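Listed below, chain by chain, are the residues.
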Amino acid sequence: LVRRSCSFVSNIDVHPSAVIMNSVLVCMNSEEESTKHNIIRSGNIGKYSILEHTNLVAQNGLDIGSDCLVSGLRGYSKDKITVPDGMCLQVVPLKCGWNKDNENIISDDVANDYVYMYLGVSDPIKK
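Notes on the structure follow. Here the residue numbering is sequential within each chain, running from 1 through the sequence in written order. Local features in this predicted model are restricted to residues whose pLDDT is 70 or higher, and side-chain atom pairs enter the listing and the counts only when it is 80 or higher, whereas totals over whole chains, interfaces and linings include all residues. Only hydrogens and water are removed before side-chain values are computed, so all heavy atoms of the structure are retained for them.

### Considering unusual backbone geometry
Consideration 1: Positive phi, close to 60°, is recorded for Y48, a residue that is not glycine.
Consideration 2: Helix and strand definitions follow DSSP, with helices as H or I runs of at least four residues and strands as E runs of at least two, each counted in order from the N terminus. Within the secondary structure, Y48 is located in the loop between β6 (43-45) and β7 (50-52).
Consideration 3: A simple rule labels every residue: compare its accessible area, found with a 1.4 Å probe on the protein chains alone, to the largest value its type can have, and call it buried under 20%, exposed over 50%, or partly exposed in between. Judged by relative accessible area, Y48 falls into the exposed class, the value being 52%.
Consideration 4: Phi at H53 takes a positive value of approximately 50°, unusual for a residue other than glycine.
Consideration 5: When you line up the elements, H53 lands in the loop between β7 and β8 (55-58).

Structure, rendered in structure tokens:
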């Protein structure tokens, strides 16, 4: 696999074994916190983790553990985002709906709805 494909990463330490695809990741600490703690990087992505289709600005840091899968996460967070080791976080947008005639439509009412799936990478999801 290519380690960085169509991605932009800023202020994040990325383990060499991690894979980031089709993503924009920006981490920031407040200037006061950075000066007080002499922080240069405010994010960390652990070994063997995969991030894909993620567009995220994390104001107070990002900590993705080892052996994680993060897919489809989007937005801006004022708080630190943490995904512990061995977890899968997938965000799926719900953009389709059906009208009274059971026809598939795209509606503004459902365009902003999402499903968040948060599972352990070893969870037996087919049981």
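### Here's the deal with the pairing of strand β5 (residues 24-27)
Consideration 1: Pairing analysis gives 3 bridges linking strand β2 (residues 8-10) to β5, with the strands arranged parallel. Along β5, the bridge assignment pairs V9 with L25.
Consideration 2: In this analysis, strands are considered paired if DSSP registers two or more bridges between them. Both β5 and β8 contribute to a ladder of 4 bridges, which runs parallel. Within β8, the residue paired with V26 across the bridge is V57.

### Considerations on the nonpolar core
Consideration 1: Core analysis: the biggest nonpolar cluster contains 19 residues, and L25, I45, L51, L62, I64 and V83 have the highest contact counts within it.
Consideration 2: Within the residue set of this core, elements represented by two or more residues are β5, β8, β9 (62-64), β12 (81-83) and β13 (87-94).
Consideration 3: Sorting elements by how many residues they give to this core places β13 first, with 3 residues. Nonpolar cores are built from buried Ala, Val, Leu, Ile, Met, Phe, Trp, Tyr and Cys residues. Side-chain atoms within 4.5 Å join them into one set.

### Brief notes about the sheet that holds β9
Consideration 1: In space, the 4 strands of this open sheet follow the order β3-β6-β9-β12, with parallel pairing throughout. Edge positions in the sheet fall to β3 (12-14) and β12, since each of these pairs with one other strand and no more. For this sheet, the mean angle separating the axes of adjacent strands, direction not counted, is 10°. Axes here mean lines fitted to C-alpha atoms, for a helix over just the part in contact, with angles spanning 0 to 180 degrees between N-to-C directions.

### Topic: the environment of P16
Consideration 1: As for its placement among the helices and strands, P16 is situated in the loop between β3 and β4 (19-21).
Consideration 2: Once the C-alpha coordinates of P16 and Y48 are considered, the two residues, 32 residues apart in sequence, prove to be 8.4 Å apart.

### Quick look at the sheet that holds β2
Consideration 1: Spatial ordering of the open sheet is given by β2-β5-β8-β11, a layout of 4 strands whose pairing is parallel. With one partner strand each, in any of the chains shown, β2 and β11 (74-77) form the two edges of the open sheet. Going across the sheet, the axis of each strand differs from the next one's by a mean of 5°, ignoring polarity.

### Side note on the side chain of T54
Consideration 1: Of note, T54 is situated in the loop between β7 and β8.
Consideration 2: We classify T54 as buried; its relative accessible area is 2%.
Consideration 3: Of note is the side chain of T54, whose polar atom sits 3.0 Å from the backbone oxygen of E52. In protein, a polar contact means a hydrogen-donor-capable atom and an acceptor-capable atom, both N or O and within 3.5 Å, with residues adjacent in sequence counting only if both atoms are side-chain atoms; elsewhere, any N or O pair within 3.5 Å suffices.

### Topic: the environment of L94
Consideration 1: On the secondary structure map, L94 appears in strand β13.
Consideration 2: On the accessibility criterion, L94 (37% relative accessible area) is partly exposed.
Consideration 3: Sequence-wise, L94 and D113 are 19 residues apart; in three dimensions their C-alpha atoms are separated by 5.4 Å.

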